[in-house]
Every structure is written in structure tokens, then in C-alpha cells.
Amino acid sequence: MSPSAPETTSAADASLPPLLALWNFIWNSIVRVLWLCGYATVTAVGAAVLFTQVGQGQDLLRLSAEYGFAWSNLFFLLSALFLSLGLWYSARLLLTHTLDGDQLRWQRSRFGRTWLPRVYGTLVPLAIGIGFLRLETSAQTGAWVLGALFLLLAAGLWWFYYKRRDWFVKATERTRGLTEPGEAHDRRLMLIILSLGQLTVFILLAAFVVWPVSLPQTLGTPAILLSGLAGIALFGSLVLTYAFLVNGLPAGTALALILAAGFGFFNDNHWIRVADQAPALQRLAAAAHYQAWREVNPAPRQIDGRDPVILVAAAGGGIRAAYWTASTLATLEAKIPTFSQSLFAISSVSGGSVGAAMYTAVKRQQLENRAALVDGETTLSTVQQALSHDFLSPVAAGMLFPDLVQRFIPYPFPAADRQRFLELGFEQALADADNPLTRPFTALYADGYKFRLPGLLLNTTIVDSGRRAVISNIALTNFTDTLDLLDDGFQTRTIRLSAAAGASARFTYVSPAGSLIGPGAEGDQKIRLVDGGYFENSGATTTVDLLELINDETLYPILILIRNDPQAPAVCQRRPEVTSVGPGPEGPPASDFLSEVASPVRALLNARTARGRLAEVSTAKLVEGDMRGAVIEVSLAAVVEAELARTQGDPAARGRIEQSLVEPPLGWSLSQAVRQSMDRVMAEGGGGLQDEFDNLTAILDGRPADYRPCNAR
């Protein structure tokens, strides 16, 4: 294709009034250029916003600062370089050649064609550098060093873009300037370079399928995000834009979306992972299961003639909830000798389910290794080590590489499912390759361990009815409006333990809805599951059903609420420091931004949180009131209170705590600083936790007179 000659500015353009002349410049040199380079525009601006304005991106920077001079940060720098060069080259390809499908006015767009590719090519490292320098973190030196490195990278790239012609173009060619359409060999060179970049992305995609956990954890989430964005920008610019426009056709984005929508009827690869075979588990209904469990686990002592039994409700909240839940259970085991013998069941949601499954899997490992008398400190260190792994990088690799490509392929490939990447990360977090997380859920309770481990009730939500579905070793007979996913006819009867925890923790978009086949009104049908927090985020509702169905007057119920929201109002304790950080019952001040559209969405999301708190409060009242039992509250808000007390009013230290503890995203990676804060406060009993531990000890020691009721704390 021979390029058309550049037009000259007409006399009419020169005589335009100032306002119209400004609009002429904005339209031709900014708007049309941004539109033509749409993939580069969205990628560059999106990455910049992510690392400067979004909590998830800032938390990734905080993790990178803690890692210091690690390989993952080298890959972070290299991926930023890769993305920047890709954006610059793809923009130049589209802007320095005349395209039949989208004719730019050559002279009028000169400014945009000259400068916007340079902006694309430097914005991402510039934004990351600024994000590091603005970061409040305990690893401040690391943040400053990394910020300086990324700013140097941005400056070096800008200098390269500005001076490259002086370095690489012959003197006889310089006079032609950047405003003239490129020659055929320039275009071929650009296409070769961009194609090599795209090939690199596809090689990385294949490598992620082969090594779905180890490779992503080596590269780190930031490098994976930037590499994935580079792949999207390169394919969108090179294939969906350039290849179509150069042949006089409209850009192919609409066609790609139509294909993805059509292929969606055939390429569902998000089937819940099940084993080929699983041990049969003869499950008992709640009352019968309790009686059988009690025979194996006799009460150490009675309380007013009744047997104490502990039921745990563990709320959701991503990796933060998983770490806090498992740490709480292991700490109580370490501090109170009779805790494990009294722990009957755990009802959990989302990240709380991951923590509960990890704790129970570790207990099963200990029993298998004849380590039944291992102290709780060993359990604590094991679960904390397992949940300190980076689970975000595997799911990010799956989401941005194989699972993204799967949307445009009509045949499903289960190996491309991003949820598989996450669940394999859970499995490999425990040292033993053949650990309980790799096996079927029913195998956890097989071979004589049926009543030697606490029961699990992992809560999920059915997409097409909004109702609760539960995976449990206890038969859910007569549970209110609940689907029993281990019942006859359900594909999930052989579900893996890691997949069972993952099914409860499929929160929005990070994990897809999981598919299974189960009985319906007209025979077998497809059912989709999402995060249990959509229905109720505390796990307390299922706990109430369990207690009411046991219906044993000789039972002394002890409800432990493991709460994973650092700003949640207390069920029992009053924490003025924490409530001053978070909003009150009226919520934060109402926002007027897109209020007509956003208000219904915000109301739905916030109502979910409010329903969880209402369930916790109602359950606490029922246990202490009608059932004459005890309530123990182990809230993550205690960590915030204890850490704020340590600041002694230092505004900078308070800012670090609010950024790291109050504002962390609900993702699958947890910074070392946050883990250390949780560990320290849990070990010291800070923020009122020691009072809760003392209350539980008093009850289990048979001293109910020393127990302070929830409503009196």
C-alpha cells in the first residue's frame, strides 16, 4: 500500500476562531489519535490508575517493597520495560502509516502522532515510580529505591524515544521527520518486533499451563499483570486494529466480542474439580452426628450439668480471612488444652473456608503421622507458613493468559481454568505433595477419622436461585432452604478438598462461577456456584441451623465468631479507636458520582455486609439467650486497635496502619507487615483478644461464673 501524501493546513484552518481552532486541534491531534490507539490508551491509563489509585495495585507495590532486591522485582522492572516498548511500538505502527480503514488528517494530527506514543511508552513506569514514592509501608527504604528505579526507567525511555532518530536514522533521512508516513521496510521492522513480542506472550501462556504455580510465584503478580496487559495491547493493536484497517476494514474488536459471546455457549471450562473416585462417607444428620462425635470426644468437664461444644462461624475476606481464621483456631488450640476436644464444627465462608480447610487438613496430617499429641504451636506455625504463600500470582497468570484466550476458543480446556491455578496453589502450600488438600473432601474423614476432626460446613451461593449451598461431612437434612452438594446425584460428591474450599471462595471476577451437574426439577441440570458471601458473609446462619437441629438439652453451646473485617462494629466489645477509623451505621458520606447508576449497586454490596453482621448479632443473642451458652468474638478489628495504640498518636504511623490493615484489598496475597501485625496481636492477646481467650478458658475449665456475657462486655 502506498501512503497518501500529507495534506497541508488550509487557509480555512488558519482563519478559524480561537475556540474552534482549539477544538480542531483536540479532535484531530488528541481524540482521533487516542481512539485509533485505543488498546494502548486503555492499557497505559489502566495500569497507571491501578498502581496509583486502586487499593489492589498499591498493595502489590507494598509487597514488592517488602521483597526488596528479589528476582520478582527484577521481573517487575523488565515487564514494565516490555509493556512500555510494546505500547510505543504499537502506537507508532498505527500512527506513522496511512491506514485505509482510518484516515488521519496528517498535518492536523502531527502533535498527537509525535508525542502520544512517547506518553504511552513512559506512563506505566512513571506511574509505578510515583506509586512507590507515595506508599506508606514499613519497608520505606525498599519503596523509595524501587520508586527511583522505575522513575529512572521512565526517564531513560523518554530520552530514548526523543533521541532515537539521532542515534539510528541516517543523516540523509532525518530531514524527512517523524511526520512523514514510514516506508515499507520500517513497517516490516515494526511488524517483526511486535510479532516477536506477541510470540513471547504466547510462550509465557504455554509455560503457565505447564507450571501453574511455581512459575507465577517466581515472576510475581506485578510482572504477570504487566505482561498480560502487554499481550492484550499487542494483540489488539497488531491484529484487531492494524490488520483490519490496513485492508480497509473496520477494527476487529466488535468481531472478537461477538465470537467470545457465541463461543461462550460451548467453552465453559470452569467445572468444579472433582476426583475420579472418592471414599464413600456415610454421613449422619446433625443430631445423630453430634451424638456419635460426642462418644469419641467426651467432654473434659461439664458446665452446670451440660457438655460444652464449640461451634465456629468464620467470615469471608480473601487471604486475610484465611490467615486470620487458621491462626485463630491454631492459637486457641495452643492456649487452651481442651479446645480441640471440644471443637465440633466450623461454618465458614469465602476466605474463612480456605482457612478452616487448611487448619483441618493440617490436623489430619498430624493424625496420619501419629502426631496427635503435637502441641498447638506446631499447628500454628504450619498453617501460618502455608497461608503466607502468594496465591494471587497463580490466579492472575491463569486469568490474563490461558483463561483469557479460552474465551475465544469454542472448545473448553480445563487446564486453562484460572480457578485451577488458585486451588493448585492451596494444595502446594502444604509441604507434603500428597496432603489432604489434594484428595477428595470425603477422604478427609475416611479411614477412622470421621469423628476425630471438626466438621466443615463450607458455604457457597447458587447463581440462578441466590440460595445457599453447603459442602459438609454432616448430612444437611432439614437445613432451611439449603442445597447439600454431597447429596446423591450431585457431581460434587467426589469434590477435592481444595476445590470445596475454592467453591466457597469464588468471589467476583477473580474467580469464575463454578459449574457442576446436579438434580433439578426436570432431571439433571447445570448449576453454577459463586462465593458464599453473596448469600451471607459470616457463616452464622448455617451455625444457627446446625444448633437448632442438634436440639440437645445436655449441650452447652459455645459460639466463636471469627470476624475478618478490620472496620466491623463489634458484636460484643466496644472499640472506639476502630469505629473512629471506619464509618458509623450511617455509612460514609453519600457520593454524587454517577449516583443514578451506582446507588443500586452500592446498596446491594453494602446490604450483603449488613446482613452478615445482623446474622452474627442474632446468633449471639440466640446462643446466650435461649440456649444459655457463651459467645466468643475474635475480630480482626482487635489488630487495628492494638496497632493504633502502639503509634502513640504518630500520624505517619497511623497512616501506615490504615493503608495496610484497614484498606487492604480482598485478594490472595498478604504482605509480611500485615501478617506480622496479626501474629503479634494474636500472640499478645492485644486489642481485647486476651479477654476473649480468658472467657473461653473460664468456660472450658468449668468456671461459668468467671465468664462475662457478650452483652456485658
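Calculation rules
- Along each chain, the written sequence defines residue order, and numbers are assigned to residues from 1.
- Two thresholds apply to this predicted model, a pLDDT of at least 70 for residue-level local features and 80 or more for giving and counting side-chain atom pairs, whereas whole-chain, interface and lining totals are computed over all residues.
- To get the side-chain values, take all heavy atoms of the structure and skip hydrogens and water.
- Residues with no salt bridge and a relative accessible area higher than 30% make up the patches, which join like charges within 9 Å and nonpolar side chains (Val, Leu, Ile, Met, Phe, Trp, Tyr) within 5 Å.
- Here the accessible surface of atoms and residues is derived via Shrake-Rupley with a 1.4 Å probe, and residues count as covered only by protein chains that are part of the display.
- Counted as salt bridges are all cases of a side-chain nitrogen of Lys or Arg within 4 Å of a carboxyl oxygen of Asp or Glu.
- Going along the chain from the N terminus, every DSSP run of H or I of four or more residues is numbered as a helix, and every run of E of two or more is numbered as a strand.
- Whether a residue is buried, partly exposed or exposed follows from its accessible area with a 1.4 Å probe, protein chains only, as a fraction of its type maximum: under 20%, in between, or over 50%, in that order.
- Strand pairing is defined by DSSP finding a minimum of two bridges between the two strands.
- Working rule for contacts: check all heavy atoms of both residues, and any pair within 4.5 Å makes them a contact.
- Orientation is described by axes fitted as lines to C-alpha atoms, over the contacting stretch for helices, and by angles from 0 to 180 degrees between their N-to-C directions.
- The cut-offs work like this: below 35 degrees is roughly parallel, past 145 is roughly antiparallel, 65 to 115 is roughly perpendicular, and the gaps in between are oblique.
- For this classification, Asp, Glu, Lys and Arg are treated as charged, while Ala, Val, Leu, Ile, Met, Phe, Trp, Tyr, Cys and Pro are nonpolar and the rest, including Gly, are polar.
- Each polar contact in these results corresponds to two N or O atoms within 3.5 Å; when the atoms are within protein, one needs to be able to donate a hydrogen and the other to accept it, and residues that are neighboring in sequence are counted only if both atoms are side-chain atoms.

J.: How would you summarise a nonpolar patch on the surface if you had to cite specific residues and measurements?
T.: Residues Val119, Trp158, Trp159, Tyr162 and Trp167 make up a contiguous nonpolar surface patch of roughly 520 Å² in combined accessible area. Tracing the backbone through its elements, the reader meets Tyr162 in helix α7 (residues 140-168).

J.: Please provide a residue-by-residue account of the pairing of strand β1 (residues 307-314), values included.
T.: Two faces belong to every sheet, and in a regular strand the side chains alternate between them. Most of β1 sits inside the fold, with eight of its eight residues counted as buried. Going residue by residue along β1, you find Asp307, Val309, Leu311 and Ala313 tucked away on one face and Pro308, Ile310, Val312 and Ala314 tucked away on the opposite face as well. When β1 meets strand β8 (residues 555-563), the two strands line up parallel, connected through eight bridges. Bridged to Ala314 within β8 is Ile562. Pairing between β1 and strand β2 (residues 343-349): five bridges, direction parallel. Within β2, the residue paired with Val312 across the bridge is Ile346.

J.: Give a description of the environment of Phe25 that names residues and reports values.
T.: With respect to the element layout, Phe25 can be found in helix α2 (residues 18-36). On the basis of relative accessibility, which here comes to 35%, the residue Phe25 falls in the partly exposed class. C-alpha of Phe25 to C-alpha of Arg110: the two residues are 85 residues apart in sequence and 9.6 Å apart in space. The contact partners of Phe25, leaving out residues within four places of it in the chain, are Ile30 and Phe111.

J.: Quick one: what's the story with the packing of helix α13 (residues 286-296) against helix α22 (residues 540-550), residue by residue and with numbers?
T.: It is the contact of α13 with α22, at a shortest axis distance of 7 Å, that shows an interaxial angle of 75 degrees. Classified by the interaxial angle, the pair formed by α13 and α22 is roughly perpendicular. Each of Ala286, Ala287 and Tyr290 in α13 lies in contact with α22, whose residues at this interface are Leu546, Leu549 and Ile550. Taken together, the residues of the contact of α13 with α22 sort by class into six nonpolar, no polar and no charged.

J.: Can you tell me about helix α18 (residues 392-400), naming the residues and giving the values?
T.: Across the nine residues of α18, eight count as buried, placing the element largely inside the fold. Within α18, the full set of buried residues consists of Leu392, Ser393, Pro394, Val395, Ala396, Ala397, Gly398 and Leu400.

J.: Hey, could you go over the side chain of Thr221 for me, with residue numbers and the actual values?
T.: With respect to the helices, strands and loops of the structure, Thr221 is situated in helix α11 (residues 221-245). For Thr221, a relative accessible area of 5% gives the class buried. There is a polar contact of 3.1 Å between the side chain of Thr221 and the backbone nitrogen of Ser393. Thr221 has contacts with Leu60, Asp390, Leu392, Ser393 and Ala396, leaving out every residue within four places of it along the chain.

J.: Can you explain unusual backbone geometry? Please cite residues and give values.
T.: Phi is mostly negative for residues that are not glycine, and the peptide bonds are mostly trans. Within the chain, Asp304 stands out as a residue other than glycine whose phi angle is a positive 50 degrees. Relative to the helices and strands, Asp304 is located in the loop between α13 and β1. Asp304 gets classed as exposed once you look at its relative accessible area, which sits at 67%. With a phi close to 50 degrees, Arg628 is a non-glycine residue in the positive phi region. Take Arg628: it is sitting in the loop between α24 (595-624) and β9 (630-635).

Distances and angles like these do not, on their own, reveal function.
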